[in-house]
Amino acid sequence: MFAILLVVIVGAIGVELFRESRLSIHQFGWRFWQTDTWDPVASEFGARPFIWGTLYSSILALLISTPVALGIAIFISELAPHWAHRLLVFLTELLAAVPSIVYGVWGIFVLVPAVRQLEIATPAWMKSIPLFSGPPLGVGMLSAALILSVMVIPFTSSVAREVLKAVPQSQREAAYALGATRWEAIRMALFYARTGIVGAIMLGFGRALGETMAVTMVIGNNPQISWSLYAPQYTMAAVIANEFTEATGDLYLHALVEIGLVLFIITLIVNVISRLFIWSMAQQRRPPRRRTIPQEAA
Amino acid sequence: MRNRWRRFLSHLIVLLCGVSVLAALFPLALILFYVVAQGITSLNIGFFTRMPAPVGEPGGGMANSIVGSLIVVALGAVFAIPIGILSGVYASEYKGTRLAAVVRFAADTLNGVPSIVIGIFIYAVAVRPFRQFSALAGGLALGVMMIPLIMRTTEELLLLVPSTLREGALALGATRARAVLTVVLPAALPGIMTGILLALARIAGETAPLIFTALNNAYWSTDILQPVSTLTVQVWLYANGPYDDWRRQAWAGALVLVTIVLACSLLARFATARMERMHRGA
């Protein structure tokens, strides 16, 4: 009976978010996601900058974190000596255990000033590229993407590690037997595990989309659409965290909940797809199980 | 020539993998270093025993926020532990059935829902109808986040219990419920406790679901039907504030949070290592 409660909760989240955002849905319809003006005083709500900020920051974070996370997964599962194995697993898990708010405090007081120095030091010819244009504020897309990528690494790498562990040892042995170098054997294992690895990356993406506190504290909270890494922008989760308690009027509140609803739907889709990938990897033909004495299995 | 290139590439990739490990551990080291270095100078007994000082007055602490965090996390645990364990038992006992698969899927989904969205959900069901922010609502929000964590650990650990144990109990004439409650569950209990500890550590550091459920409170409050201050929300407030004193308090709060998480993780790790040794010895 209690188990069903879990299903009920997930359903209820969707229903409640929809109910609490109906005013805004009725009033604005699709226009809500196609306009850029966010002006609570004039009761004008356009949420496109938030979608942009969330997607842009998450994709940037993925670009940074994916190679690093895969490198860690490969190192731990294929290369590391046994004694280092546990230590590295523990340390990467610790990266996931540090609370988001602590990342945020560190981001505000350490990362943002460092990024500001970097931005001031940007040579003039680089500033003419749209990607690096704008005043050196420190807070902005670059800081957010950096901090997000650090936060996502442990999620991607731990799933990728598990997936690589599921690659049968015989595959690697076969590669080595054919005279493959280490990298060639690893590449083969990666190819064998490709669906699971895509799943791992998607799972990290889902995490990045929903991350709230640390991003809120460093992204600058300015609803604008810009390619510039230096520009302060805003994400869906951040606007909810910042403005929910100050939302005056039902329409304002409903507009914020509608953003939450869409965030919920997007993360749901991303998570479901990533689970499907990981699951289909697990369903692949498994090697015959080795016989083990029960005590050992436990 | 070709073989030289292959060998070179192989070494290069191995090197890059090593570099990526360092690239991830470097920020971890930086964060821990700054939190400890900045936090330790701002942390004193007053932080744990005194109330926040008025703006402009030095000193003061976060006694009310610490107590508030304890209350909210405890409420979450009371709510989530029974539900989490029972659903975990269900999913492992009826593992082949369609409903178990649906429940497992729901748990994974819930685990992936952004915490801020869970905050909105609890606001809609537990704050708005009563027109009252409360510690209880905060606890519910944390509980909702905890359930899938506890459920999945319980399930995984129950599946690890040798089936011979259960069969032995059933052969002695125990009913299924009795076999689970008195034989299978106790066998997995140490591991489940570890899982709960890790879930508590993770939940204690959450901020987003508390902002508009438990809200905040500048005063001492242990009433679960009133808004309550929590360590994480208070750190957020202080970190965003303009005063040097607030910054120091924020660092001190961050240090306390990191210490809690670190202690729980280490404790859990030692417990797991000990259990593994016990099993191997058996």
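Since the model is a prediction, treat every value here as computed from it, not as a measurement.

(A) Broad picture of the overall build of chain B. Per the secondary structure count, chain B includes 10 helices and 0 strands. The N-to-C order of helical and strand elements in chain B reads α-α-α-α-α-α-α-α-α-α. The dimensions of chain B, computed from C-alpha atoms along their principal axes, are 70 × 70 × 35 Å. Across the 282 residues that make up chain B, the buried fraction comes to 47%. Counting contacts in chain B only where the partners sit at least 6 residues apart, residues at least 24 apart contribute 73% of the total.

(B) Examining the overall build of chain A more closely. Summing up its helical and strand segments, chain A has 14 helices and 2 strands in all. In terms of principal-axis extent, the alpha carbons of chain A reach across some 70 × 60 × 30 Å. When each of the 298 residues of chain A is scored for burial, the buried share is 50%. A sequence separation of at least 24 residues applies to 76% of the contacts in chain A between residues at least 6 apart.

(C) The packing of helix α13 (residues 250–283) of chain A against helix α4 (residues 98–112) of chain B, seen in detail. One way to put it is that α13(A) packs onto α4(B) with a least axis distance of 9 Å and a crossing angle of 130°. Regarding the angle of α13(A) to α4(B), the classification is oblique. Remark: the crossing between α13(A) and α4(B) carries right-handed chirality. Contact residues: A:T267, A:L268, A:N271 and A:R275 in α13(A); B:D108, B:T109 and B:G112 in α4(B). For the contact of α13(A) with α4(B), the per-class residue count stands at 1 nonpolar, 4 polar and 2 charged.

(D) Structural context of unusual backbone geometry. Residues and elements named next belong to chain B. A positive phi angle, close to 50°, is found at R131, a residue other than glycine. A positive phi angle, near 55°, is found at L215, a position not held by glycine. Following the sequence through the fold, L215 ends up in the loop between α8 (176–204) and α9 (231–240).

(E) Quick peek at helix α3 (residues 48–79) of chain A. Compared with the 46 Å implied by 1.5 Å per residue over 32 residues, the 45 Å span of α3(A) between its first and last C-alpha is a close match. Approximately 35° is the largest bend angle found in α3(A), and it occurs at A:S65, with the proline A:P67 only one to four residues beyond.

(F) Broad picture of the interface of chain B and chain A. Taken residue by residue, the interface counts 69 residues in chain B and 62 residues in chain A. At the level of elements, α1 (2–42), α3 (63–93), α4, α5 (115–127), α6 (135–160), α8, α9 and α10 (244–281) of chain B are the ones that each hand at least two residues to the side of chain B that touches chain A. Tallying contributions element by element places α1(B) first for the side of chain B that touches chain A, with 19 residues.

(G) Local environment of the environment of A:Q27. Summarising the element assignment, A:Q27 is placed in helix α2 (residues 22–28). On the basis of neighbour count, A:Q27 is assigned to the partly exposed category, with 15 C-beta atoms found within 10 Å.

(H) Fine view of the packing of helix α7 (residues 163–171) of chain B against α8(B). Residue and element names in this part refer to chain B. Contact geometry for α7 and α8: axes closest at 10 Å, N-to-C directions at 155°. As far as their axial angle goes, α8 and α7 are roughly antiparallel. The crossing of α7 and α8 is right-handed. Side by side, α7 and α8 meet where L165, R166, A169 and L170 of the first sit next to A179, V183, V184 and A187 of the second.

(I) Main features of the confidence of the model for chain A. When pLDDT is averaged along chain A, the result is 89; 95% of the residues meet or exceed 70. Per-element mean pLDDT across chain A ranges from 42 in helix α14 (residues 294–297) of chain A up to 95 in α3(A).

(J) Highlighting α3(B). For α3(B), built from 31 residues, the straight-helix expectation of 45 Å at 1.5 Å per residue is met to within 8% by its first-to-last C-alpha distance of 44 Å. At B:A80, α3(B) shows its maximal kink, close to 30°; a proline, B:P82, follows between one and four residues later.

(K) A look at the environment of A:H254. All names here are of chain A. Assignment of secondary structure puts H254 in helix α13. Each C-alpha atom, one on H254 and one on L70, is 40 Å from the other, the two residues being 184 residues apart in sequence. In contact with H254, not counting residues within four places along its chain, are E20, S21, R22, L23 and S24.

(L) Quick peek at the confidence of the model for chain B. Residue-level pLDDT values for chain B average 90, and 99% of them are 70 or greater. The ipTM assigned to the predicted complex is 0.91, against a pTM of 0.91.

The rules behind the values
Residues numbered from 1 in each chain as written. Chains lettered and ligands numbered in written order. Predicted model: local features only at pLDDT ≥ 70, side-chain atom pairs only at ≥ 80, totals over all residues. Helix = DSSP H or I, 4+ residues; strand = E, 2+ residues; numbered from the N terminus. Buried ≥ 20, exposed ≤ 12 C-beta atoms within 10 Å, placed from the backbone. Contact = placed C-beta atoms within 7 Å. Axes fitted to C-alpha atoms, helices over the stretch in contact; angles between N-to-C directions. Parallel < 35°, antiparallel > 145°, perpendicular 65-115°, else oblique. Left-handed = near helix turned anticlockwise from the far one by under 90°. Nonpolar A, V, L, I, M, F, W, Y, C, P; charged D, E, K, R; others polar. Expected span 1.5 Å × (residues − 1). Bend = angle between axes of the 7 residues up to and from the residue. pLDDT = per-residue confidence, 0-100.

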